[in-house]
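# Coordinate analysis (summary)
Residue-level listing of the chains:
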Amino acid sequence: MDINNKNVVNVGGKSVVKIVIAVVVVLVLLIVGFNSFTVVQAGHTGVVVNLGKVSENVLEEGLHFKIPFVSEIVQVDNRVLKTEVESNAASKDLQNISSKVSINYRVNRADSARIYKNVGSDFTNVIVNPAIQECVKSVAAKYTAEQLITNRATVSSEMEDAISQKINPYGLSIEVFNIVNFDFSEEFNKAIEAKQTAQQEALKAEQDLARIKVEAEQTVEKAKAEAEAYNLKNAQLTDKIIMMEFVEKWDGKMPSVMSSAQSMFDVSSYIKDASGSTATEAAE
């Protein structure tokens, strides 16, 4: 019985060992298998790092094979990224300016390995934000505070070009650039408001003066036209025409009071000459 028990134990021990070995082998194979493949997410590229050395080869989106325990795949986001930077600057006329600038940018897919090797993953804080700060200050110093307001489109274009020149060598490109705001001191804002008010009042005064001049010219022209019409009418007016108008408007009654018999005779004579009949005939 003792010999048989020993044989069973020996047989059972060998079986357990085989099972353990088999389990370990399966686990090792699974681990190796899982570490032999990687998936690069959409909108990303995979930078291959072999034992700490960055490879120039960049993996595109999808499933890829890699050397297990040797290769590491670092995913770089190539989608459009956004950053906003607030900064203080001084204008050409030494006005304090508080600005807020926003840019949308991306990492060029072909430059993913290079930017990871030279900068790392935190390129926003290492490259982009400092470039924005510097370019905003340098461009703002070229213009007076008033020019920064009136030439905003030009200032925005210059800032975008300056930032691009700084970040493009690293493999970054700007998609959209916006100046969110320019804030000036309260004293400057009041001065601008006062200037605008003065300009508006001056413009209104000019407009009023022009209107008065036009109205005066119109009055003069009207007076000239009336004078010419009056003179023309006087030139055409004769005694006979006056008597004809008198006859046309006469109601047939003689005046009740006459200054003299001669006056009556003169009126009757004119009436007869104008109408072809005497005053008496007209009465009949």
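Values in this document were obtained by computation on a predicted structure and should not be read as measured data.

### Some remarks on the sheet that holds strand E5 (residues 71-77)
Ordered by their spatial adjacency, 3 strands build an open sheet running E3-E2-E5, and the pairing between neighbours is antiparallel. Here the strands that pair on one side only, and so sit at the sheet edges, are strand E3 (53-59) and E5. Ignoring which end each strand starts from, the neighbouring axes of this sheet average 30° apart. Relative to E3, strand E2 (residues 44-50) runs antiparallel, the two being bridged by 4 bridges.

### Thoughts on the confidence of the model for the protein chain
Per-chain confidence: the protein chain averages 78 in pLDDT, with 73% of residues scoring 70 or above. A low-confidence stretch, residues 260-265 stays under pLDDT 50, and its non-local contacts, those more than four residues away or across chains, total 3 contacts. Confidence over residues 270-284 falls short of pLDDT 50; this stretch has 17 contacts with residues more than four positions distant or in other chains.

### Section: the pattern of salt bridges
In total, this model carries 8 salt bridges according to the counting rule given. Taking the shortest distance from any N to any O, the salt bridge between glutamate 61 and arginine 109 comes out at 3.9 Å. Of this pair, glutamate 61 sits in the loop between E3 and strand E4 (62-65) while arginine 109 sits in the loop between strand E7 (96-107) and helix H2 (112-118), and the two are 48 residues apart along the sequence. Accessibility expressed as a relative area gives 32% for arginine 109, which makes it partly exposed. Close ionic contact of aspartate 77 with arginine 79 constitutes a salt bridge, the shortest N to O distance being 3.0 Å.

### Comments concerning unusual backbone geometry
Glycine aside, the phi torsion of most residues is negative, and most peptide linkages are trans. Of note in the backbone geometry, phenylalanine 69 takes a positive phi value of approximately 65° without being a glycine. By secondary structure assignment, the location of phenylalanine 69 is in the loop between E4 and E5. Although it is not a glycine, leucine 94 adopts a positive phi angle of roughly 65°. Tracing the backbone through its elements, the reader meets leucine 94 in the loop between strand E6 (81-90) and E7.

### Details of the environment of isoleucine 31
Checked against the element boundaries, isoleucine 31 lands in helix H1 (residues 2-34). For isoleucine 31, a relative accessible area of 44% translates into the label partly exposed. Along the chain, isoleucine 31 and phenylalanine 69 lie 38 residues apart, while their C-alpha atoms are 9.9 Å from each other.

Cut-offs applied
Residues numbered from 1 in each chain as written. Predicted model: local features only at pLDDT ≥ 70, side-chain atom pairs only at ≥ 80, totals over all residues. Heavy atoms only, no water. Pairing = 2+ DSSP bridges. Helix = DSSP H or I, 4+ residues; strand = E, 2+ residues; numbered from the N terminus. Axes fitted to C-alpha atoms, helices over the stretch in contact; angles between N-to-C directions. pLDDT = per-residue confidence, 0-100. Contact = heavy atoms within 4.5 Å. Salt bridge = Lys/Arg side-chain N within 4 Å of Asp/Glu carboxyl O. Buried < 20%, exposed > 50% of the residue type's maximum accessible area, 1.4 Å probe, protein only.

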